[in-house]
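# Tertiary structure, described
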Amino acid sequence: MKEIEFTINGRKKRIAVRPKDLLLNVIREELGLKGTKYGCGTGECGACTVLLDGRPILSCLTLAVAVNGKSITTIEGIGTDEHLHPIQQAFIDAGAIQCGYCTPGMILSAKALLDKNPNPSEEEIKEAIKGNLCRCTGYVKIIAAIQLAAKRMRGERV
Amino acid sequence: MDVIKEFKVIGKRLPSHDAVEKATGQTKYADDFALPGMIYGKILRAKYPHARIKRIDTSKAEKLDGVYCVLTHKDVPNNAIISRFGQTRAVGGFEGVYRVLAEGKVRYYGEPVALVAAETEEIAEKAIDLIEVEYEELEGVFDPREAMDPKAPKIEDGKSNVVARFKIRKGDVAKGFAEADVIVENEYMSQFIDHAYLEPEAGVAWVEDDGSITIRVSTQVIEHYREIAHVLGIPESRVRVITPKIGGGFGGKEDITVEYYLALLAWKTGRPVKIVQTREESLSFRSKRHPYKFKYKTGVKKDGTIVAVEAELISDAGAYMTLSPWVLLYSTVNAIGPYNVPNVKVDSYTVLTNHPPSGAYRTFGAGQACVAYEQQMDEVAKKLGMDPVEFRKKNYLKKGDTMANGWKIPNTVALHETTDLVLKYLGKKPKPSGPKKLVGMGIASGMCSYGRMIFLHDTSRSKVRLELDGSVTIECGVQDVGAGQEASLCQIVSEVLGVPLKKIRIISGDTAATPIAGTTTATRQLYMSGNATYLAAMKVRDNILTKASEIFGVDKSELIIEDEKIKTKDGKSISLRDIAVACAADGVELFCEAQFNAPFGEVPDPETGQGRVFPDFTYGTTGAIVEIDTETGEVEVKKIASAFDVGTAINPMRVEGQIEGGAAMGIGWALTEDVKFEKGIAKAQSFAEYIIATAVDVPEIKSIIVENHDGLGPFGARGVGEVVLAPVPPAVINAVADALGKRIKELPITGERILLALREKS
């Protein structure tokens, strides 16, 4: 076992992990944050996406020991029922959520994009979420939601 | 009962009641739930597609520290069961045997042979490796046509591999072909396709204090609790199935997934047990869309009138029959598509092979038929030298026409309208973007029933209760796969009782707590549970209007319900809260549990296939524009437009979501998706090999909603969840054929196949 210290959703955590423990399992089982999903275990579906120092990573391919000293953001860390993140609000308003299983990963990929590029083109949005599979929506309303969120985050009234 | 004519909530683009919990990651899907002391289950799977089991030795696995139990077929009280999936009425003839765990022999690669429950998943996996199974390999059969040969290896010893066949005989095809000016014959196929929902099959089971068993599992059919009780040999009343929100279904969670295994392991150990299947297990071993082989012969007059169609359909049922006969019946009834044909002969067969059992998949066989008949329509138009759109328009079904199964259509078939809207949106075929590019445009029309086959005598129940503060609780056993099954019920109640969505709570998907609402399959929940919920809400509405009419001294018809109030025409009003309190004080019922019955009928005549099979259909058209790179063979879908007559859109935003999702799924079907079995073993075992559309693969998709308000659902709605997929693959396939000037009849149309076709052409 190895002690690691990291920040998750703004809180400092110190836990013991095995060298082979995956970040996905630590987030879900040790920390009880179930918003991060298992979809494939091989890094091909994006359902397990979290932000590592603001960058989207696949937690099913990341060893927990690798996040020592770093900062993790999961879906639980970006907004609450009462204070939704503008991207969450836009996904709700645009009808971008169907079964919802891809939604946490999708929203985090969108957040990473909009944090560095507040005015992305449609192509840039597609490129940013191409690692997040969705079987329900055909992506149309997801792309529209990210465009809507971008506008709102830029201060446009929509 | 009064009738609601002007809608305040129906037809509005309102966000679903559960969108916030999903956007914030709070929804607890099957794998997001745990209990103290929970152990983990794993499945040992067959290493051969067809083999006798000579010996199973579990002793080493049992001795491993941390193992709670190891089970084989001998430990299953009723291992061989008849599959009868959520049928209200048992219909004889087509029920196949399904084995919980392989017994005597294995019939497909990956068939469950033994189960392990252990303290951790790792220990369970180790124990699986310690189980010794000695096999004697048998010759397998992997092609349904070969499996039809009486000399082929038998999947069920001593029985024919052909497990069901249907016929349609309408008019006289010999006479029809004799009158035809042109006859076109072709063969088509459709491949193995995986549902590829993002949430793999998962659940948790536990034993309750009173010794009964509860299974919380991702399923489209909570009513499987009856079969689970049968497998365990206990009364149905002692099994409870709960489904949380489902991370996608598409038919793949209609068959039993992990329920039996969970129930058996919890039952034997007394501990809560969790099973989560890996993506590899889901892709390689779970049910798939039935592959089909089609033969079509079409006779037409010079003016484009179709006079006869003869078709042969053969589907690969896989190693167990499960739902294959019913899927085949869907394909058979849909075999000639939405066209008026006087002389029809259809022969269809579903055949056991050593593939994993094929199962339900969005459109339930109607989509495969559409892939065939819509390619054939283009081929016939080409031979006639006629525009494929004009050819279709000449033959589209219309109200009052008779389908191949003899059913006279009583309501609108808006195919001229949907096709015109699609063409208007697609515009002219664009020029290629470069010298090595080819552009093609294709259209396809399709149909799919909503509601189950009428001989199953389908019913649904829902309960609506007005609370004393004017809020509303709905209890309905729907399973929500993400298409808004719950949300539509909330929107219906909001309309009927004038209560805002945020004051409505729905409790769903629990056999012990909610009225049984039947399966979330067959595009039936809005139709069936929507109508049941509407009836229940209307009864509550009538009760409170009656009370209000007493209070105000006016007739009920003079009252309106809106904005949480009952209002009179002269400006008096009473809040729902006050009317609820007044009703409660007088003992007036503030709740109603209503049942909706679909039309009931009989199985069609086996020799002619004549007889109504479905309550109703939804019809529509898809158009596609594609561009092909002649150097790489890559197909880029540039544009999709899909239009469907949905009767009445309860929520247009959700209807568009269905159309758009169906379009993306259909592109995958046409171009990339293939589980690719070789000698019974899936070659695609991850999303690296099983390619579904990503955000960059999906083009501009225009979803067009047509509303003729004459469906059988609440407020005239028709079902949309499945039909939206049907015409997409053939539209894309026809666009590719248009671009190439040549048809590739094998699916998916990969770059490799395109390059081969281009080489053959030059």
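On to the overall build of chain A. The helix and strand inventory of chain A stands at five helices and five strands. In chain A, the succession of helices and strands from N to C terminus is β-β-α-β-β-β-α-α-α-α. Its C-alpha atoms give chain A a radius of gyration of 15 Å, within 12% of the compact-globule value 15 Å for 158 residues. Taking the principal axes of the C-alpha coordinates as reference, chain A spans close to 50 × 30 × 25 Å. Across the 158 residues that make up chain A, the buried fraction comes to 56%.

Attention now moves to the sheet that holds strand S29 (residues 635-645) of chain B. Paired through backbone hydrogen bonds, the strands of a sheet run either parallel or antiparallel to each other. All names here are of chain B. Strand order in the open sheet formed by four strands is S20-S28-S29-S32, with mixed pairing between adjacent strands. Two strands close off the open sheet at either side, each with one partner strand: strand S20 (437-450) and strand S32 (700-706). With direction set aside, neighbouring strand axes in the sheet form an average angle of 15°. Where strand S28 (residues 616-629) lies against S29, nine bridges are found, and the strand directions are antiparallel. Across the sheet, Ala624 pairs through a bridge with Ile640, a residue of S29.

Here we take up the confidence of the model for chain B. With 98% of its residues at a pLDDT of 70 or more, chain B shows a mean pLDDT of 96. On the interface metric, ipTM, the complex scores 0.99, and its pTM is 0.98.

So, about the pairing of strand S14 (residues 273-276) of chain B. In regular strands, side chains alternate between the two faces of the sheet. Residue and element names in this part refer to chain B. Across the two faces of S14 the burial is the same, with Val273 and Ile275 and Lys274 and Val276 all buried. Judged from the four bridges that link them, strand S11 (residues 202-207) and S14 form a sheet pairing that is antiparallel. By the bridge assignment for S14, Ala205 is matched with Val273.

Here the focus is the sheet that holds strand S12 (residues 213-217) of chain B. Residues and elements named next belong to chain B. Spatially, the seven strands line up as an open sheet ordered S3-S7-S1-S14-S11-S12-S13, and their pairing is mixed. Looking at which strands have only one partner, the edges of the open sheet turn out to be strand S3 (67-71) and strand S13 (239-242). Between one strand axis and the next, the sheet turns by 20° as a mean value, whatever way the strands run. Here helix H3 (residues 121-130) sits on the sheet and contacts strand S1 (39-45), S3 and strand S7 (112-118); the angle it forms with S1, its principal contact strand, is near 25°.

Attention now moves to helix H13 (residues 485-497) of chain B. Residue and element names in this part refer to chain B. A rise of 1.5 Å per residue sets the reference length of H13, with its 13 residues, at 18 Å; its end C-alpha atoms lie 19 Å apart and thus fit the reference within 8%. Of all 13 residues that make up H13, 13 are buried, and the element is covered over most of its length. Remark: Gly498 follows H13 within two positions and exhibits a positive phi of approximately 65°.

Our next topic: the interface of chain B and chain A. At the junction of the two partners, chain B supplies 42 residues and chain A supplies 43 residues. In terms of residue count, the dominant contributor to the side of chain B that touches chain A is helix H16 (residues 652-671) of chain B (seven residues). When grouped by side-chain class, the residues that make up the side of chain B that touches chain A number 22 nonpolar, 11 polar and nine charged.

Moving on, we come to the domain arrangement of chain A. All names here are of chain A. As assigned here, chain A comprises domain 1 (2-77) and domain 2 (86-153). Computed over C-alpha atoms only, the centres of domain 1 and domain 2 are separated by 21 Å. Taken together, the contacts link 14 residues of domain 1 with 13 residues of domain 2. Those elements that provide at least two residues to the side of domain 1 that touches domain 2 are strand S3 (49-52) and strand S4 (55-58). It is S3 that provides the largest number of residues to the side of domain 1 that touches domain 2, a total of three residues. Taken together, the residues of the side of domain 1 that touches domain 2 sort by class into seven nonpolar, five polar and two charged.

Each value, and the rule that gives it
- Residues numbered from 1 in each chain as written.
- Chains lettered and ligands numbered in written order.
- Predicted model: local features only at pLDDT ≥ 70, side-chain atom pairs only at ≥ 80, totals over all residues.
- Helix = DSSP H or I, 4+ residues; strand = E, 2+ residues; numbered from the N terminus.
- Rg over C-alpha atoms; globule rule 2.2 N^0.38 Å.
- Buried ≥ 20, exposed ≤ 12 C-beta atoms within 10 Å, placed from the backbone.
- Pairing = 2+ DSSP bridges.
- Axes fitted to C-alpha atoms, helices over the stretch in contact; angles between N-to-C directions.
- pLDDT = per-residue confidence, 0-100.
- Contact = placed C-beta atoms within 7 Å.
- Expected span 1.5 Å × (residues − 1).
- Nonpolar A, V, L, I, M, F, W, Y, C, P; charged D, E, K, R; others polar.
- Domains from an automatic or database assignment.

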